[in-house]
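# Analysis of the macromolecular model
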Amino acid sequence: MNISPDGFNMPPLNLPPAKEGELPPYIENSMFESATREVAQHVEVMPEMARTTALAAMAVACQGVVDVAFPNGNVVPTSLNLLTIAESGERKTALENWFFKPIRRFQAEKKAERVRAMRVYERKLKNWNDAEKALTKARTQALLKGDPVLHDIERKQAEQDEAKPQPPRNYQLIYENVTPSALAFGLYENIPLACLLSSEAGSVFEGKALQDLSLLNSIWSSTPLDVARRSSPSFTLDDSRLTLALMAQPKVIERFLEKRGEEARDNGFLSRFMVIMPTSLIGEREGSGRPVNPDIMDDFNQRAKDLLAESFDILDSDEQSRRLVEFTPTAKDCWKEMQLSIEREMVEHGLYYHARGHGSKLMDNVTRVAAILHTFEGYHGNINETVLKYAYNLCRGYSKHYLEYLAGEPEIVTLTNELVREIHRLVIKNNNASGQYRFNKSLFRQHGRGQTRSQKKLEAALDFLIQLGHLKKEDYTKNYLFSETILLKEPVLKNGIQYTVDELPLYEVPKPDPYEDGRPKISNPGFSGLMK
């Protein structure tokens, strides 16, 4: 199988190409793409910002209706974790209002129904309490008198216990600032469907909402979870669905990464996110956005509402359950090829070598997105290859942003940058030579600063510089030869491609020498015979 650098060998989708930095567009007349374009041009934001917010709303609408199966039969939810990183003034709240309007409206309607249902419940409960008191009084009298009707009264009490009215559910879908334990209890006590939503998620990342990352990971995976509580009864959270739809300013994310980045990467919390940091349009907007086409948004909103209604019908029914969507045979083969391509990118120095947790979750997100698109657009049958390929391309777009903004700099890059700075300080600054510089590694053990004084880390950074083509170990001495230009014609690693070491120039593909073998090269192979 021929694997390409960008993924796998497959025919391109019949979709318009994405501009640099954007997520790929979907089919032009789809509800997803139509609503995204309408809102993006009206609010004047980058399309990927609108796509991400729309996808979050679609996930909330679908997560209670369908689950999706991998080709191997493993079943996963259709919940998503999405993060948009954008400055204040990027109109994050406006986007949220547009796409989450049907969800908030549906929740408001359900809460209004609950208010009415509570009145009925309170009346039934009062009547039940009156009957309970009467039976208790009758039993006491029968017990004192030794009346044989005691057994009949106790039977009626047992029947009364079974008939105790239950309060109507609190149909809370959206949580905005909540502790993990309160969120978990809400999923248990109210309904097992929710969205942690915030267009200014500073309070989420810097507050209590993300105190327990492992709990959120378990909910994302739909893993049964025992929640132990000190002041109230413990409970088991099972088969719940939670979508995270967060938007935050870059400084908020920077502070979170500084404080908890290592923990959040190590336990896989960040790896589950589909993240986007769109190009800023602040200062470039012209106020030329036209009104949103109401028909397009009505279609999107009505579809979201219908799916939510179906979700709640499933919750209230003993007979209905979430549907299971699968892939067509062709799509299954395509899925396996995608999975293999990602697996190959986790090898040493591969794209996901330093972000294997993220790479291992990538096909999970691709699968979920494909199921959401398939369900929301109302496609029949199983998920086809076209939808799967789009979901893959979309998630690869998110993945690029994850690697750039959340993955963190690989330790070897940090070490190498530090070593190059030390080479400048200790070798080049005090050397009149130009271009190439010799040094012995003992220099850094004696006079180096920071991590270059560690023999193990120094050796790793030196070896990395050799692979980048900027360093060569001389055979006849213990010295190294350093150059800011490439010493090798074809280095093992190319700066700016597999890795980016800021202290070194980016690798440039060498231009072919037309007289390399003494004869000019002919670009048109059809004329090559004339040179023989």
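Described in the following lines is the structure provided in the data block. (Residues numbered from 1 in each chain as written. Predicted model: local features only at pLDDT ≥ 70, side-chain atom pairs only at ≥ 80, totals over all residues. Heavy atoms only, no water.)

### A closer look at the overall build of the protein chain
Selection rule: Each helix is a run of H or I in the DSSP string that is no shorter than four residues. Each strand is a run of E no shorter than two, and both are numbered from the N terminus. When a residue's accessible area, from a 1.4 Å probe over protein chains only, is under 20% of the maximum for its type it is buried; when over 50% it is exposed; and in between it is partly exposed. Positive charge is attributed to Lys and Arg, negative charge to Asp and Glu, and no charge count is given to His or to the chain ends. Lysine's charge is taken at NZ, arginine's at CZ, aspartate's at CG and glutamate's at CD.
Summing up its helical and strand segments, the protein chain has 15 helices and 13 strands in all. The C-alpha extent of the protein chain, read off along each of the three principal axes, is 115 × 60 × 50 Å. Looking at the protein chain as a whole, 47% of its 532 residues are labelled buried. Across the protein chain, the centroid of the 68 positively charged side chains sits 4 Å from that of the 73 negatively charged ones.

### Re the packing of aromatic side chains
Our working definition: For Phe, Tyr and Trp, where Trp contributes only its six-membered ring, two rings pair if their centres lie within 6.5 Å, and the inter-plane angle classes them as stacked under 30 degrees, edge-to-face over 60, or tilted in between.
Per the stated rule, a full pass over the model turns up 15 aromatic pairs. Between the aromatic rings of Y188 and F235, the centroid separation amounts to 4.7 Å while the plane-to-plane angle is 20°, which identifies the pairing as stacked. With Y188 in helix α5 (residues 180–189) and F235 in strand β7 (residues 235–237), this pair connects stretches of sequence that are 47 residues apart. Look at F205 and F256: their rings are 5.2 Å apart centre to centre, the planes differ by 75°, and that puts the pair in the edge-to-face class.

### Comments concerning unusual backbone geometry
Trans peptide bonds make up most of the peptide bonds, and negative phi angles are found at most residues other than glycine. The backbone of S222 shows a phi angle near 60°, a positive value even though the residue is not glycine. Turning to its location among the elements, S222 is positioned in the loop between α7 (213–221) and β6 (225–227). For H349, which is not glycine, the phi dihedral falls at a positive 70°. By secondary structure assignment, the location of H349 is in the loop between α10 (329–344) and α11 (356–376).

### Looking at the pattern of salt bridges
Rule in force here: Criterion for a salt bridge: a side-chain nitrogen of Lys or Arg within 4 Å of a carboxyl oxygen of Asp or Glu.
Taken as a whole and assessed by the stated rule, the structure comprises 31 salt bridges. With its nearest N and O atoms 2.7 Å apart, the salt bridge here joins R37 to E33. Taken together, the positions of R37 and E33, both in helix α1 (residues 31–43) and 4 residues apart, correspond to about one turn of that helix. For E38, the salt bridge identified is with R290, shortest N-O distance 2.7 Å.

### Details of the side chain of S311
Our working definition: Any pair of residues with heavy atoms lying within 4.5 Å of one another is described as a contacting pair.
Checked against the element boundaries, S311 lands in helix α9 (residues 294–316). Discounting residues that sit within four places of it in the chain, S311 has contacts with A61, G64, V65 and L193.

### With respect to the pairing of strand β9 (residues 273–276)
On a regular strand, one side chain projects to one face of the sheet and the next to the other, so that they alternate. As a reminder of what qualifies: Paired strands, as defined in this entry, are two strands with at least two bridges between them according to DSSP.
Burial along β9 is two-sided: F273 and V275 facing one way and M274 and I276 facing the other are all buried. The pairing of strand β3 (residues 81–85) with β9 spans 4 bridges and is parallel. Paired with L83 across the strands is V275, a residue of β9.

### Description of the nonpolar core
Selection rule: Think of a nonpolar core as a cluster: buried Ala, Val, Leu, Ile, Met, Phe, Trp, Tyr and Cys residues, connected wherever their side-chain atoms sit within 4.5 Å.
Within the largest apolar cluster, 77 residues are counted, with the highest numbers of intra-cluster contacts made by L55, F99, F100, L173, V369 and L388. For L388, the residues in contact, after removing those within four places along its chain, are F327, A331, C334, W335, M338, V366, A370 and I383. Counting 39 residues, the second-largest nonpolar core is a separate cluster that includes A201, L215, I253 and L257.

### Describing helix α2 (residues 47–62)
One full turn of an α-helix is made of 3.6 residues, so residues set three or four places apart face in the same direction. How we decide: To estimate the expected span of a helix, count its residues, drop one, and scale the result by 1.5 Å.
Under the 1.5 Å per step criterion, the end-to-end length of α2 is 22 Å for 16 residues, consistent within 8% with the ideal 22 Å. Burial of α2 is extensive: 15 of the 16 residues sit out of reach of the surface.

### Details of the side chain of R368
When you line up the elements, R368 lands in helix α11. Using a relative accessible area of 0% as the deciding quantity, one classes R368 as buried. Not counting residues up to four positions away in its chain, the partners in contact with R368 are V68, V76, P77, T78, S79, L80, W220 and S221.

### Some words on the environment of R91
Structurally, R91 is set in the loop between β3 and α3 (92–145). Residue class for R91 comes out partly exposed when judged on its relative accessible area of 34%. Between the alpha carbons of R91 and I282 there is a distance of 9.6 Å; along the sequence they are 191 residues apart. Excluding its chain neighbours within four sequence positions, the residues that come into contact with R91 are V43, E44, V45 and R285.

### Let's talk about the state of the cysteines
Heads up, the rule is: Disulfides are defined in this document as cysteine sulfur pairs within 2.5 Å.
Within this structure, the stated rule accounts for 0 disulfides. Summary of cysteine pairing: C195 is not part of a disulfide, and the nearest cysteine sulfur, belonging to C62, is at 13 Å.

### Considering the sheet that holds strand β12 (residues 471–473)
Using the following cut-off: Axis angles are defined between N-to-C directions and span 0 to 180 degrees, where every axis is a line fitted to C-alpha atoms and, for a helix, only to the segment in contact.
Read from one edge to the other, the open sheet built from 3 strands follows the order β11-β13-β12, with strand pairing classed as antiparallel. At either margin of the open sheet sits one strand with a lone partner, and together these are β11 (436–440) and β12. This sheet shows a mean twist of 25° between the axes of neighbouring strands, independent of strand direction. Across the face of the sheet, helix α13 (residues 411–428) comes into contact with β11 and β13 (479–483) while running at roughly 90° to β11. Sitting on the sheet, helix α15 (residues 455–468) touches β11, β12 and β13, and the angle it makes with β13 is about 50°.

### Topic: α5
The condition is simple: Taken from the helix axis, the directions to the C-beta atoms give the arc we talk about.
Those residues of α5 that fall on the buried side of the exposure criterion are P180, L183, A184, G186 and L187. Viewed end-on, α5 has its buried residues packed into an arc of 155°, placing them on one side of the element. Buried residues belonging to α5 abut β4 (174–175), β5 (193–198), α7, β6, β7 and β8 (241–248).

### A short note on the pairing of β11
Every second residue of β11 is oriented toward a common face, the buried set being Y437 and F439 and the non-buried set Q436, R438 and N440. Alignment of β11 against β13, held across 5 bridges, turns out to be antiparallel. Directly across from R438, in β13, lies its bridge partner L481.

### Let's talk about the sheet that holds strand β2 (residues 75–76)
Strand order across the open sheet formed by 3 strands is β2-β1-β10, with mixed pairing between neighbours. Edge positions in the open sheet fall to β2 and β10 (323–325), since each of these has one partner strand only. Here strand β1 (residues 66–69) runs beside β2; their pairing, made up of 2 bridges, is antiparallel. Residue pairing for β2: A69 is matched across the bridge by V75. The sheet contacts of α11 involve β1, β2 and β10, and relative to β1 the element is tilted by about 130°.

### Quick word on the environment of S203
Looking at the element boundaries, S203 is found in helix α6 (residues 202–206). On the basis of relative accessibility, which here comes to 35%, the residue S203 falls in the partly exposed class. Residues S203 and E385, spaced 182 residues apart in sequence, show a C-alpha to C-alpha distance of 40 Å. When neighbours within four sequence positions are excluded, S203 is seen to be in contact with N177 and K208.

Just distances and angles here, no functional claims.
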